[in-house]
Structure formats: structure tokens, C-alpha cells
Amino acid sequence: MHDRHHATGTENVDERIRDLRGRIDLMDAELAELLERRALVAAQVQRLKPVGYFAGRDMTRERELVERMAERAPRLGAEHLATIMDSVIGAGLAVAQEEAAGRDRPRSGTSGPGRRTGRPGERP
Ligand SMILES: C=C(O[C@@H]1C=C(C(=O)O)C=C[C@H]1O)C(=O)O
């Protein structure tokens, strides 16, 4: 009797963990897509700023966006969100910088043709 209850209880816990992990997996998929979209938009800002990438990091803007997020995520709060967003923003800047370095790297044996032209109005 006691053993049977215990077994049933364990089954329920396993099932509940599986369900909850399924929900986490779905949210992670959404998060990944959001992070990818965010990094693309942040890279666009980098290209427009007079000083972009890590050199143009704007800590006031970052603090403000963290404070706004904390209103929607009170459990995490500004301190944890600051840690999370520091990584998110840092990763976005790193990817944008790598991409820019790739754009600016001269193609072997060419001084013009072969190098991608970039968008109109884009800084060289
Ligand atoms: C995108 C910008 O550049 C940097 C990246 C930010 C971001 O990813 O949200 C915010 C501020 C800057 O450190 C910006 O200035 O808005």
C-alpha cells in the first residue's frame, strides 16, 4: 500500500517534470528566435552609430532597458536582468563586429571587385 503510493507519486513527479521541461523547451525556442532577431536589429544600430561595436557601448541606454524589463520581470529584477542583458548585448556586439571585420577584410588578390559593396549609405 505504502509502496504503491510511493510508485504512483514518483510517476506523477516524472510526468510533471517532463511536462514542465516541454514548456521550457518551447520557451527556449521562442527565446532563441527573439535573441536572433534582437542581434540583427542591434547590428543595424551599430552600423549607423558614429562609433559602433564595443567602443560605442552605451551603458546609460543599457541600464534604462534593464530597468524597463524589470517592470515586466519582477521575479528576476534589475540585478539579474543586468547580468543576462550584459551577455545578450555582448554577444550581439561580438557577432556584429565579426561580421564587420569579415566585410572589411580584403578578398585575396583583389582591390575592388570581389569585395562586397555594402549597402548605400553604409560606412566603409
Ligand atoms: C544597439 C546599441 O548599441 C549597444 C547595444 C545595445 C543593445 O544591444 O541593446 C544597447 C546599447 C549599446 O551598448 C544602441 O546604442 O542602441
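Residues numbered from 1 in each chain as written. Predicted model: local features only at pLDDT ≥ 70, side-chain atom pairs only at ≥ 80, totals over all residues.

## A closer look at the environment of I89
Stage number 1. Among the structural elements, I89 can be located in helix 3 (residues 77–104).
Stage number 2. For the pair formed by I89 and E62, sequence separation is 27 residues and the distance between their alpha carbons is 8.5 Å. (Helix = DSSP H or I, 4+ residues; strand = E, 2+ residues; numbered from the N terminus.)

## Re the site of the ligand
Stage number 1. Lining the immediate environment of the ligand, one finds A42, V45, R57, D58, R61, E62, I89 and G92.
Stage number 2. Counting only elements with at least two residues in the shell around the ligand, the list comes to helix 1 (2–48), helix 2 (59–72) and helix 3. (Near = placed C-beta within 6 Å.)

## Some thoughts on helix 3
Stage number 1. The end-to-end C-alpha distance of helix 3 is 40 Å, a good match for the 40 Å that 28 residues give at a rise of 1.5 Å each.
Stage number 2. Within the sequence span of helix 3, burial applies to G92, L93 and A96. (Expected span 1.5 Å × (residues − 1). Buried ≥ 20, exposed ≤ 12 C-beta atoms within 10 Å, placed from the backbone.)

## As for the UniProt feature "domain: Chorismate mutase" (unreviewed entry) in the chain
Stage number 1. The positions that UniProt labels "domain: Chorismate mutase" (unreviewed entry) are, in the present scheme, residues 11–100.
Stage number 2. Secondary structure content for residues 11–100 is 84% helix and 0% strand, while the C-alpha to C-alpha distance between its ends is 52 Å. (UniProt positions renumbered as here; feature names shortened; annotations may be inferred.)

## Focus on the packing of helix 2 against helix 3
Stage number 1. Orientation of helix 2 relative to helix 3, taken along the N-to-C sense of each, is 130°, at an axis distance of 9 Å. As judged from the angle between their axes, helix 2 and helix 3 are oblique. Relative to helix 3, helix 2 is oriented so that their crossing is right-handed. Where helix 2 approaches helix 3, its residues E62, L65, V66, E67, M69 and A70 are matched on the opposing element by G77, A78, L81, A82, M85 and I89.
Stage number 2. Among the residues making up the contact of helix 2 with helix 3, the classes are represented as nine nonpolar, one polar and two charged. (Axes fitted to C-alpha atoms, helices over the stretch in contact; angles between N-to-C directions. Parallel < 35°, antiparallel > 145°, perpendicular 65-115°, else oblique. Left-handed = near helix turned anticlockwise from the far one by under 90°. Contact = placed C-beta atoms within 7 Å. Nonpolar A, V, L, I, M, F, W, Y, C, P; charged D, E, K, R; others polar.)

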